[in-house]
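Structural overview
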Amino acid sequence: MNRLVRNLLTVATGVVAIAGLAAVPAQAQTINGGSCGAGYRQQDAYALGDDSGISGAGVVFLYYNSSNGTNCAILRRDANFRVTYGMGVTLRDDAGHSVSDGQRAYTQYAGPVYLKAPGRCVQVDGQLTGVWMGDNSTYLEKTHDGGSPWVHCG
């Protein structure tokens with residue numbers, strides 16, 4: 001009897017674990033699993049917009065891979081901010097090179113964008129348009145933008 005109960009519990013635990021993985025959207029699994037990839041370390045994070053949420057309407061993250069001199073940037077929205085007209089992120093260096101990723105279809109995150117810039121200053125900017133979600137049923141759509149000054153020079 002104990003053996004039958006153990007086997008049933010093992011099967012039930014496996015079913016619950018698989019169901020839990022299936023419930024997480026693929027997009028969420030991707031952005032939580034390393035952002036820019038192996039070898040990248042977060043350097044900074046810059047909140048966009050006002051402080052209605054914990055982090056503003058969204059946060060631009062700047063990463064760096066010291067083994068290949070490449071920067072990476074990603075913009076993620078705040079969980080309480082509903083994007084209505086897309087979002088985008090731009091990464092540039094002080095030599096005039098830049099890369100951008102932004103579409104009106106983006107509602108969760110923009111990027112990653114990569115820019116090789118060893119020994120150069122970089123700047124990252126993001127923008128997103130939407131509304132704060134809350135108890136109040138009246139919303140005013142607003143574009144939040146901002147980012148960093150020139151950082152990580154050298």
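Below or above, wherever it landed, is the structure these notes cover. (Residues numbered from 1 in each chain as written. Predicted model: local features only at pLDDT ≥ 70, side-chain atom pairs only at ≥ 80, totals over all residues. Heavy atoms only, no water.)

Topic: the overall build of the protein chain
- Scanning the protein chain from N- to C-terminus turns up two helices and eight strands.
- The linear arrangement of helices and strands in the protein chain, starting from the amino end, is α-α-β-β-β-β-β-β-β-β.
- Buried positions account for 35% of the 154 residues belonging to the protein chain.
- Partitioning the intrachain contacts of the protein chain with sequence separation of at least 6 by distance along the chain shows that 56% fall at a separation of at least 24.
- As presented, the protein chain carries roughly 9,200 Å² of accessible surface, and 54% of it is formed by carbon and sulfur atoms. (Helix = DSSP H or I, 4+ residues; strand = E, 2+ residues; numbered from the N terminus. Buried < 20%, exposed > 50% of the residue type's maximum accessible area, 1.4 Å probe, protein only. Contact = heavy atoms within 4.5 Å. Areas by Shrake-Rupley, 256 points an atom, 1.4 Å probe, with all protein chains shown as cover.)

Description of unusual backbone geometry
- Note that the residue after Gly111, namely Pro112, is joined by a cis bond; omega there is 5 degrees.
- Residue placement: Pro112 occurs in strand 6 (residues 109-116).
- Its identity is not glycine, yet His152 carries a phi of approximately 55 degrees, on the positive side.
- Checked against the element boundaries, His152 lands in the segment after strand 8 (142-147).

A look at the pattern of salt bridges
- Inspection of every chain in the model, using the stated rule, returns two salt bridges.
- Between Arg92 and Asp125 there is a salt bridge; the shortest N-O distance is 2.3 Å. You can see Arg92 sitting in strand 4 (residues 81-93) and its partner Asp125 sitting in strand 7 (residues 122-132), a full 33 residues away along the chain.
- Arg92 sits in the partly exposed class, given a relative accessible area of 24%. (Salt bridge = Lys/Arg side-chain N within 4 Å of Asp/Glu carboxyl O.)

The analysis is restricted to geometry; functional conclusions fall outside its scope.
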